[in-house]
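Each chain, written out:
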Amino acid sequence: MQPIVSITNLSKTYASGHQALKNLNLDIARGEILALLGPNGAGKTTLISIICGIVNATEGSVTVDGHDIVTDYRITRSMIGLVPQELTLGAFDTVWNTLCFSRGLFGKKPDHAYLEQLLKDLSLWEKKDSELMTLSGGMKRRVLIGKALVHEPAILFLDEPTAGVDVELRKDMWALVRRLRETGVTIILTTHYIDEAEEIADRVGVINNGELLLVDDKHALMHKLGKRQLIVELDQVAESIPDVLLPWALDLSADGLQLSYTYDPHNTHTGINELLQAIGAAGLLLKDIKTTQSTLEEIFVSLVKS
Amino acid sequence: MNTCAIRVIYKYEMLRAWDTMLQSFVSPVISTALYFVVFGSAIGSRIESVEGVPYGSFIVPGLMMLVLLTQSIANASFGIYFPKFTGTIYEVMSAPISFFEILVGYVGAAATKSFIIGLIILATAGFFVPLQIAHPVWMMGFLILTCITFSLFGFIIGLWATNFEKLQLIPMLVITPLVFLGGSFYSVNMLPPAWQTATFFNPVVYLISGFRWSFFEVSDVSVGLSLVMVLAFLGICLFIVWRMFKTGYRLKQ
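Residues numbered from 1 in each chain as written. Chains lettered and ligands numbered in written order. Predicted model: local features only at pLDDT ≥ 70, side-chain atom pairs only at ≥ 80, totals over all residues. Heavy atoms only, no water.

1. Things to note about the overall build of chain A
Here is the rule: Under the DSSP-based scheme used, a helix requires at least four consecutive residues in state H or I and a strand at least two consecutive residues in state E, with every element numbered from the N terminus. Radius of gyration here uses only the C-alpha atoms, and the compact-globule reference equals 2.2 Å multiplied by the residue count raised to the power 0.38. Exposed residues in this analysis have more than 50% of their type's maximum accessible area, buried residues have under 20%, and partly exposed residues fall in between, with area computed by a 1.4 Å probe over protein chains only. Pairs of residues are marked as contacts when any of their non-hydrogen atoms sit within 4.5 Å. For accessible areas, the Shrake-Rupley method is used with a probe of radius 1.4 Å. Any residue's cover is judged against the shown protein chains and nothing else.
Counting secondary structure elements, chain A contains ten helices and 14 strands. Its C-alpha radius of gyration of 25 Å places chain A more than 25% over the 19 Å reference for a compact globule of 306 residues. Projected onto its principal axes, the C-alpha coordinates of chain A cover approximately 80 × 45 × 40 Å. Taken across its 306 residues, chain A has 48% of its residues classed as buried. Here the contacts in chain A between residues at least 6 apart in sequence split such that 69% fall between residues at least 24 apart. As displayed, chain A offers around 14,400 Å² of accessible surface, 49% of which is attributable to carbon and sulfur atoms.

2. Regarding the packing of aromatic side chains
Any two aromatic rings considered together are summarised by their centre-to-centre distance and by the angle between their planes. Stated formally: Each pair of aromatic rings taken from Phe, Tyr and Trp, with Trp reduced to its six-membered ring, is defined by centres within 6.5 Å and is described as stacked if the planes are under 30 degrees apart, edge-to-face if over 60, and tilted in the remaining cases. Counting as a charge over the ring demands two things of the Lys NZ or Arg CZ atom: a distance within 6 Å of the ring centre and an angle within 35 degrees of the ring normal.
Counting across every chain of the model gives 22 aromatic pairs over all chains. Aromatic side chains B:Tyr35 and B:Phe185 sit 5.7 Å apart centroid to centroid with 25° between the ring planes, which places their arrangement in the stacked category. In this pair, B:Tyr35 sits in helix α2 (residues 21-43) while B:Phe185 sits in the loop between α7 (164-180) and α8 (193-199), placing the two residues 150 residues apart along the sequence. Across the ring face of A:Trp125, the terminal group of A:Lys128 is positioned such that the distance to the ring centre comes to 5.1 Å. Looking at B:Arg212, its charged tip hangs above the ring of B:Phe58, at a distance of 3.7 Å from the centre.

3. A short note on the sheet that holds strand β8 (residues 186-191) of chain A
Residue and element names in this part refer to chain A. Condition: Here, any two strands with at least 2 DSSP bridges between them count as paired. Fitted lines through C-alpha atoms serve as axes, helices being fitted only where they are in contact, and the angles separating the N-to-C directions of these axes extend from 0 to 180 degrees.
What the six strands build is an open sheet, ordered β6-β7-β8-β3-β9-β10; its pairing is mixed. Of all strands in the sheet, those bounded by a partner on one side alone are β6 (80-83) and β10 (211-217). For this sheet, the mean inter-axis angle between neighbouring strands, taken without regard to orientation, is 15°. In the sheet, β6 pairs with strand β7 (residues 155-159) via four bridges, with the strands oriented parallel. When the sheet's bridge partners are listed, valine 83 is paired in β7 with leucine 158. Along the sheet face, helix α1 (residues 44-52) touches β3 (33-37), β6, β7, β8 and β9 (203-208) and points at about 150° away from the line of β7. The strands touched by helix α6 (residues 167-182) are β3, β7 and β8; relative to β8, the strand with the most contacts, the crossing angle is about 155°.

4. Details of the interface of chain A and chain B
Where interface size is quoted, it is often the accessible area lost as the parts come together. Our working rule: The quantity reported as buried area is the accessible area (1.4 Å probe) lost by two parts once they are put together, taken as the sum for both. Counted as salt bridges are all cases of a side-chain nitrogen of Lys or Arg within 4 Å of a carboxyl oxygen of Asp or Glu. Definition of a polar contact: a pair of N or O atoms within 3.5 Å, with one able to donate and the other able to accept a hydrogen when the atoms are protein atoms, and with sequence-neighbouring residues admitted only if both atoms are side-chain atoms.
Taken residue by residue, the interface counts 28 residues in chain A and 25 residues in chain B. Summed over both partners, the interface of chain A with chain B comes to about 2,200 Å²; 58% of that surface belongs to carbon and sulfur atoms. Considering only the surface of chain A that becomes buried against chain B, A:Arg74, A:Phe101 and A:Leu105 emerge as the three largest contributors, covering 29% of it. Our enumeration of links across chain A and chain B arrives at two salt bridges. The interface formed by chain A and chain B contains nine residue pairs in polar contact (both at pLDDT 80 or more).

5. As for the packing of helix α3 (residues 95-105) of chain A against helix α4 (residues 112-121) of chain A
The relative placement of two packed helices is expressed as an angle between their axes plus a distance between the axes. All names here are of chain A. The following threshold applies: When describing relative orientation, an angle under 35 degrees is termed roughly parallel and one over 145 degrees roughly antiparallel, while 65 to 115 degrees is termed roughly perpendicular and anything else oblique. In this scheme, a crossing is called left-handed if the near helix is turned counterclockwise away from the far one by less than a right angle; it is called right-handed if the turn is clockwise. Throughout this entry, Asp, Glu, Lys and Arg are counted as charged residues, while Ala, Val, Leu, Ile, Met, Phe, Trp, Tyr, Cys and Pro are counted as nonpolar. The remaining residues, Gly among them, count as polar.
The interhelical angle for the contact between α3 and α4, taken along N-to-C directions, is 120°, at an axis separation of 11 Å. Regarding the angle of α3 to α4, the classification is oblique. At the point where α3 passes α4, the crossing takes the right-handed sense. Contacts between α3 and α4 pair Val95, Trp96, Leu99, Cys100 and Arg103 from the former with His112, Tyr114, Leu115, Glu116 and Leu119 from the latter. Among the residues making up the contact of α3 with α4, the classes are represented as seven nonpolar, one polar and two charged.

6. Quick notes on the packing of helix α5 (residues 99-128) of chain B against helix α6 (residues 136-160) of chain B
All names here are of chain B. Close contact between α5 and α6 brings their axes to 8 Å; oriented N to C, the two are set at 135°. In terms of their interaxial angle, α5 and α6 are classed as oblique. For the pair α5 and α6, the sense of crossing is right-handed. Contact with α5, carried on its side by Ile102, Leu103, Tyr106, Val107, Ala110, Ala111, Ser114, Phe115, Leu119 and Leu122, involves Met139, Met140, Leu143, Ile144, Cys147, Ile148, Ser151, Leu152 and Phe155 of α6 and no other residues of that element. Residues that form the contact of α5 with α6 fall into these classes: 17 nonpolar, two polar and no charged.

7. Regarding helix α1 (residues 3-19) of chain B
How we decide: One fewer than the residue count of a helix, multiplied by 1.5 Å, yields its expected span.
With 17 residues, α1(B) should reach 24 Å at 1.5 Å per residue; the first-to-last C-alpha distance of 24 Å fits that figure. Of all the positions in α1(B), only B:Cys4, B:Ala5, B:Ile6, B:Val8, B:Ile9, B:Glu13, B:Met14 and B:Ala17 are classed as buried.

8. Quick look at the side chain of A:Glu196
All names here are of chain A. In this fold, glutamate 196 is placed in helix α7 (residues 194-200). Overall, glutamate 196 belongs to the buried group, its relative accessible area being 1%. Here the side chain of glutamate 196 touches tryptophan 174 through a polar contact of 3.0 Å, side chain to side chain. Not counting chain neighbours up to four residues away, the residues in contact with glutamate 196 comprise Pro161, Thr162, Arg170, Trp174, Leu189, Thr191 and Ala201.

9. Structural notes on the pairing of strand β13 (residues 258-263) of chain A
Residues and elements named next belong to chain A. Pairing between strand β11 (residues 228-234) and β13: six bridges, direction antiparallel. Counterpart to glutamate 233 in the pairing with β13 is glutamine 258. Strand direction decides the pairing type here: strand β12 (residues 251-252) and β13, joined by two bridges, are antiparallel. Paired with leucine 252 across the bridge in β13 is leucine 259. Between β12 and β13, which pair antiparallel one after the other, the connecting turn spans five residues, and glycine 256 there sits at a positive phi close to 75°.

10. A closer look at the domain arrangement of chain A
Note the threshold: The split of the chain into domains comes from an automatic or database domain assignment.
In terms of domains, chain A is made up of domain 1 (5-223) and domain 2 (226-293). For domain 1 of chain A versus domain 2 of chain A, the distance between C-alpha centres works out to 45 Å.

11. Focus on the pattern of salt bridges
Residues and elements named next belong to chain A. For the coordinates displayed, the defined rule picks out 13 salt bridges over all chains. Glutamate 152 is the partner of arginine 103 in a salt bridge, and the nearest nitrogen-oxygen pair spans 3.0 Å. Of this pair, arginine 103 sits in helix α3 while glutamate 152 sits in the loop between α5 (137-149) and β7; the two residues are 49 residues apart in sequence, bridging distant segments of the chain. By sharing partners, the salt bridges in this structure join Arg103, Lys108 and Glu152 into a single network.

Structure (structure tokens):
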């Protein structure tokens, strides 16, 4: 199936000389949730801004549903909704008026029934006549989402949607994203919260210094790069690792009560059986055994540092 | 053509003027009344007439131009600068709307506001001095052209400005002196020959002269030249805006 967004050799160098994107290539599938992970200044917002028409690319091209974002900007932009990172809203507008304004910009007349349903979905219906400056930060964030959805886009960009919001709102936001996906909306979100990507994304892309380091299915990514650790808790303090255990490259905790063995679970021979036998032979008494899986956060840190 | 988008931008800008009615409409009227009190009554009583026109009436076109120019620039520059300042410009930039449509929305609203203010000032002047309009069609033509041209100029300033100081810089340091020295309250013929020559380098002279001619058939330069100068300035503003949009100047990085 043709990707809904196709990015080819995209580069961006700002007037200051800062190269924000370096020859980036990416295809985004229709209906998926793609999380773009990266530290601050990685180029995530620049990428989104180019696709939405806010920033000019220096080189490369982007198509949305097969249409070029420069020559066919009316078609591509009408398919896209954008929730910016900052709470950029006029102070004196009412919630209802600001939604009507946004819908009008996309060439659509106010649709009372749709707007009412949208505000109800965002728990903003009671606030429809309130001035924006009277709303809380969380409500303003929801208004921004409403403005992005008001023209019924097929693609939604969420730039750091849960930055600075409380846990409850964050979970509400995730639920909303899932509901939108069920209606067929393609969602691209940038975040530096790993758990957010882990929780809601289908695919994860990692950007650092303007380069797309990798993009893969979330589970495949964890499968490929996720290391597993066997943690062996000892009944008595071990002063050092016995010589017979050296082949396993174990780590001994500072208190001498824990041995860690890192292994690849996909290997046919993990070496765990032999390790446990060797520990017994070395005269160490076991208290407990557990295994842990690398999180996306650990994978992300290892990618960015490498 | 995304006419719906033009309409919402235009309506939004007009509502902003309505919400700040005192500042937008009442303030220029009060200023005009004060000018009539000071120039018309206090000073005007000592000047019988200028080129056969009573002084109080003579200053009406210049006074209208003074307010029109400052209001057109202020309205249009603030209209585009404020969304840039708050960051809300992102939704205009990411909408399926051309630069021409953005221009029509913002400049159209600013010019409309100035036009309304111009008519209010004209009506206010009618309470203070006897008025005649010899060529109403020309008067309306100059009024509309001035509103559009200087709203365009204000739009350019709004795009160029990176802070509130810059927003005020050109209107305060360039436009206001040019209007005051452009024959708003006097005829250029009243100046010594050397100053007359210098004055003709001031583009506002042609604007005021043409506008005054439409009222009293009295002018410092021919009406044709006035019209050419206004149209030339309009052309220059359009060219600058076109270049700014083409390069994404201060809008797209």
